[in-house]
Amino acid sequence: MPVSRRLILAAAGILLGSGFGRAAAQSYGQRVAVTGDDGKAVANSILPGEITGQIPVLRGVTYVGPRDAATTLYEFFDFNCPYCRKAAADVVALHAGDADLRIGLVHNPILSPQSAQAAKVMLAVQRKLGSDAAWRFYQTLLAKPGRIDGPGALAAAAALGIPQAEVEAIADSEEVRAALKSQMRMAADLGLYATPSYVLGNNGILGHPGARAMAQMIASVRRCDRLAC
């Protein structure tokens, strides 16, 4: 399935103009002593509330879970990050097993223009069909082996019933370009230079700690607003 040259160039332009490559705005280490499912230390930081408070007003974030949930987990991901495949399965399991958790998917396609192409298509799906369809799109693409690019993303969008010409037009729009750029800038401002990374309350987490460790961190944040009490 062909992908337009305009979509490719627009994706590359977003990567160049989003703040990609800037020094991390936050310092990560072991601000709170937590370990992942593999027993290794998980890099984390306490993030400034004036920045994390802006995440809910970002355009184009895909949400699942109750709007009035007291706890929201934001995943910042890249479709071509190999760790994001495992993370996606765990995030889906967290959603299925925790009825009080709200999840927000935020694009941070820092690895390649192909990742940005796929992100733009998912944003087009979200804009056209809403978050439920974009959530399914996320699961579908990250369950596929191999590199994810514009044509693969367009094929997944077509399976949801959106004609290719329409999804390309939305993906090429100024609204989608601005949404993706703002999401990537937020990741840079938070120092989220690894994918996947997470924001949970005012806590930043670099890398994927695993499903069990993440569930424990969520429980701790609910008790004491920290990754570990």
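Look above for the structure.
As the structure is a computational prediction, the values presented were derived from the model and not from experiment. (Residues numbered from 1 in each chain as written. Predicted model: local features only at pLDDT ≥ 70, side-chain atom pairs only at ≥ 80, totals over all residues. Heavy atoms only, no water.)

Visitor: Help me understand unusual backbone geometry, please; the structure alone is not making it clear to me.
Guide: For residues that are not glycine, phi is negative in most cases, and the peptide bond is trans in most cases. For the peptide bond that leads from threonine 195 to proline 196, omega is -10°, which places it in the cis range. You can see proline 196 is positioned in the loop between helix H8 (174–189) and strand S5 (197–200). Although it is not a glycine, aspartate 225 sits at a positive phi angle of roughly 65°. Residue position: aspartate 225 is located in the segment after helix H9 (211–224). (Helix = DSSP H or I, 4+ residues; strand = E, 2+ residues; numbered from the N terminus.)

Visitor: What is the right way to read helix H3 (residues 82–97) from this model?
Guide: Owing to its 3.6 residues per turn, the α-helix brings residues three or four apart onto one side. For H3, built from 16 residues, the straight-helix expectation of 22 Å at 1.5 Å per residue is met to within 8% by its first-to-last C-alpha distance of 24 Å. When we look at burial in H3, the residues that qualify are Cys84, Ala87, Ala88, Asp90, Val91 and Leu94. At its buried positions, H3 is contacted by strand S3 (71–77), strand S4 (101–107), helix H5 (131–142), S5 and H9. (Expected span 1.5 Å × (residues − 1). Buried < 20%, exposed > 50% of the residue type's maximum accessible area, 1.4 Å probe, protein only. Contact = heavy atoms within 4.5 Å.)

Visitor: Mind showing me how you'd approach the nonpolar core here?
Guide: Side chains of nonpolar character tend, in soluble globular proteins, to be buried together. Of all hydrophobic cores here, the largest spans 52 residues; its most connected members are Phe79, Phe137 and Tyr138. Every residue in contact with phenylalanine 79, bar those within four places of it in the chain, is listed here: Arg85, His107, Ser115, Ala118, Ala119, Met122, Phe137, Tyr138, Leu141, Leu142 and Ile148. If you look at the next biggest cluster of nonpolar residues, it comprises 16 residues, including Tyr28, Tyr63, Ala187 and Val199. (Core = buried A, V, L, I, M, F, W, Y, C linked by side-chain atoms within 4.5 Å.)

Visitor: Help me understand the sheet that holds S3, please; the structure alone is not making it clear to me.
Guide: The pairing of strands in a sheet happens through backbone hydrogen bonds and is either parallel or antiparallel. Taken in spatial order, the six strands of this open sheet run S1-S6-S5-S3-S4-S2, and their pairing is mixed. If you trace the sheet from one side to the other, it starts and ends with strand S1 (44–46) and strand S2 (62–64), each paired once. In this sheet, adjacent strand axes meet at a mean angle of 20° when their direction is disregarded. Sheet topology note: the S5/strand S6 (residues 203–206) ladder contains four bridges and is antiparallel. Paired with serine 197 across the two strands is leucine 206, which belongs to S6. Against the sheet, helix H4 (residues 113–129) touches S2, S3 and S4, its axis set at about 130° to S4. (Pairing = 2+ DSSP bridges. Axes fitted to C-alpha atoms, helices over the stretch in contact; angles between N-to-C directions.)

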